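# Structural overview
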Amino acid sequence: MTALTICTTPPPISDSKLKRHRTTSLSLPDKPSWRCCSSHSDMDATAGQSLYPLHRCKTVHLVRHAQGIHNVEGEKNHDAYLSYELFDAHLTPLGWKQVDNLRKHVRSCGLSKKIDLVITSPLLRTMQTAVGVFGGEAYTDGMGVPPLMVANAGNSSRSAVSSLNCPPFIAVELCREQVPPSDGIHPCDKRRSISEYQPLFPAIDFSLIESDGDKLWKTDIRESNEEVAARGRKFMNWLWTRKEKEIAIVSHSGYLFHTLSAFGEDCHPVVKDEICKHFANCELRSMVFVDRSLMGSDPSTTNYSGKIPAGLDLPSDVADEKLDEKLAENGVKN
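Residues numbered from 1 in each chain as written. Predicted model: local features only at pLDDT ≥ 70, side-chain atom pairs only at ≥ 80, totals over all residues. Heavy atoms only, no water.

### Here we look at the overall build of the protein chain
Each helix and strand in the protein chain was counted, giving 9 helices and 8 strands. A buried classification covers 46% of the 334 residues belonging to the protein chain. Here the analysis covers contacts within the protein chain between residues at least 6 apart in sequence; of these, 78% occur between residues at least 24 apart. Taken as a whole, the protein chain presents about 17,700 Å² of accessible surface, with 53% of it coming from carbon and sulfur. (Helix = DSSP H or I, 4+ residues; strand = E, 2+ residues; numbered from the N terminus. Buried < 20%, exposed > 50% of the residue type's maximum accessible area, 1.4 Å probe, protein only. Contact = heavy atoms within 4.5 Å. Areas by Shrake-Rupley, 256 points an atom, 1.4 Å probe, with all protein chains shown as cover.)

As structure tokens, then:
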């Protein structure tokens, strides 16, 4: 698991506008300048380091879904991606084994106890992955809460999963796969209606999805790579409207690749590769997302103002400066 620092950098502010910008809210442009806090130079170590207030950062744990039936058939024959038999592809038995192994990992490293929110793309394979990795234990009747996933959801042959002792789950349309991709119409990336998903995943919150049917998936309009990246930026901006600080995001290979490729241009090539390379099935990468635009303006929960109770606390170096200033005013050299 690699921890990286990614920064959003707002446009430069002129001196004449500085005062106005301090008293009004800042909005991130549609195409912000993304910057990774690192450096190409190994000679100047401090140039590649950065400090930033913790309350202006979020930790995001990015996960690509586990192996789906479309991954298997598509690797055998690329034309298989065009088959409607792969509509809204579900996980394979191997994919569920990948889910179980990642679940063990996030528990053994303590990550499962840190996550405040799980965001998932509203497709069957991502929701199965999200619930399997970050959900509760086995669900039984009489628990008093709805399950995250009912038994055998999406031909899974899996037991129901409880929504107890786990973070809340929400489905977000902005982080779904390219629709459709530039190389053809892929029914595996078309979602079902939300009314079909809700009985399968009762405890996932679908309220942020505006339409029951899949209005993003069209057979005559293809989303370009640049449009996917723009959708990714919009999603990243939306994250700053959330209060949660540690968020797991379960998404797709193409979406993650095109979104993350906008980051790290000024990083060391090794760091750039850690950020942007394609995800393996059920791979997890942890990154620190830094807000330099003041979009995330929540107060710190750990900073302490000090001077309680109040008392004299003039530092010696400041006292020396004040003395020098006073002597200078009187024309006396120290």
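### A short note on the pairing of strand β4 (residues 117–120)
The alternating pattern of β4 places L117 and I119 on one face and V118 and T120 on the opposite face, and all of these are buried. Remark: the β4/helix α4 (residues 124–134)/strand β5 (residues 169–171) crossover connection has right-handed handedness. (Right-handed = clockwise from strand over helix to strand, strands pointing away.)

### What to know about the packing of aromatic side chains
Scanning the entire structure with this criterion turns up 5 aromatic pairs. Taken together, a centroid distance of 6.4 Å and an interplanar angle of 80 degrees make the contact between F235 and Y255 edge-to-face. With a gap of 20 residues between them, F235 in helix α6 (residues 225–239) and Y255 in helix α7 (residues 253–260) connect regions that are remote in the sequence. A residue is classified by how much of its surface remains accessible, and F235, at 2% relative accessible area, is buried. (Phe/Tyr/Trp six-rings, centres within 6.5 Å; stacked < 30°, edge-to-face > 60°.)

### A closer look at the pattern of salt bridges
Taken as a whole and judged by the stated rule, the model has 13 salt bridges. Taking the shortest distance from any N to any O, the salt bridge between D189 and R125 comes out at 2.5 Å. Note that D189 is positioned in the loop between β5 and α5 (194–197) and R125 in helix α4, a separation of 64 residues in sequence. A residue is classified by how much of its surface remains accessible, and R125, at 1% relative accessible area, is buried. A single salt-bridge network, built from bridges that share partners, covers E173, R176, R191 and D214. (Salt bridge = Lys/Arg side-chain N within 4 Å of Asp/Glu carboxyl O.)

### Some details on the side chain of Q128
Inspection of the secondary structure puts Q128 in helix α4. Looking at Q128, its side chain comes within polar contact range of the main-chain oxygen of A153, at 3.0 Å. A polar contact is formed between the side chain of Q128 and the backbone oxygen of G154, at a distance of 3.4 Å. In this view, Q128 contacts H90, L91, W96, M149, A153, G154, S156 and F201; residues no more than four positions away in its chain are not counted. (Polar contact = N/O pair within 3.5 Å; in protein donor to acceptor, adjacent residues only side chain to side chain.)

### Quick notes on helix α2 (residues 69–76)
Within α2, the full set of buried residues consists of I69, H70, N71 and G74. Close packing links the buried residues of α2 with β3 (57–64) and α4.

### Structural notes on the packing of helix α3 (residues 93–108) against α4
Angle between the axes and distance between the axes: these two values describe a pair of packed helices. Contact geometry of α3 with α4 gives a least axis separation of 8 Å together with a crossing angle of 40 degrees. Taken together, the axes of α3 and α4 lie oblique to each other. Every pair of crossing elements has a handedness; the one defined by α3 and α4 is right-handed. Between α3, through W96, V99, L102, R103, V106 and R107, and α4, the contact on the second element is made entirely by Q128, T129, V131, G132, V133 and F134. When grouped by side-chain class, the residues that make up the contact of α3 with α4 number 7 nonpolar, 3 polar and 2 charged. (Axes fitted to C-alpha atoms, helices over the stretch in contact; angles between N-to-C directions. Parallel < 35°, antiparallel > 145°, perpendicular 65-115°, else oblique. Left-handed = near helix turned anticlockwise from the far one by under 90°. Nonpolar A, V, L, I, M, F, W, Y, C, P; charged D, E, K, R; others polar.)

### What about a negative patch on the surface?
Together, D317, D320, E321, D324, E325 and E329 make up a negatively charged patch on the protein surface. Structurally, E325 can be placed in helix α9 (residues 316–329). (Patch = residues over 30% accessible without salt bridge, like charges linked within 9 Å, V, L, I, M, F, W, Y side chains within 5 Å. Lys, Arg positive; Asp, Glu negative; His and termini not counted. Charge placed at Lys NZ, Arg CZ, Asp CG, Glu CD.)

### Structural notes on α4
Along an α-helix, residues three or four positions apart point the same way, because every turn accommodates 3.6 residues. For α4, a buried count of 11 out of 11 residues is recorded, marking the element as mostly surrounded by other parts of the structure. Along α4, the residues that are buried comprise L124, R125, T126, M127, Q128, T129, A130, V131, G132, V133 and F134.

### Looking at the pairing of strand β8 (residues 284–291)
With respect to burial, β8 is a largely interior element, 7 of its 8 residues being buried. The pairing of β3 with β8 spans 7 bridges and is classified as antiparallel. What sits directly across from T59, in β8, is V288. (Pairing = 2+ DSSP bridges.)

### Focus on unusual backbone geometry
Of note, the amide linkage connecting I308 to P309 takes the cis form, showing an omega dihedral of 0 degrees. Along the chain, the position of P309 falls in the loop between β8 and α9. The phi angle at D88 is positive, at roughly 45 degrees, despite the residue not being glycine. Turning to its location among the elements, D88 is positioned in the loop between α2 and α3. Positive phi, close to 55 degrees, is recorded for N155, a residue that is not glycine. Tracing the sequence through the fold places N155 in the loop between α4 and β5. Judged by relative accessible area, N155 falls into the exposed class, the value being 57%.

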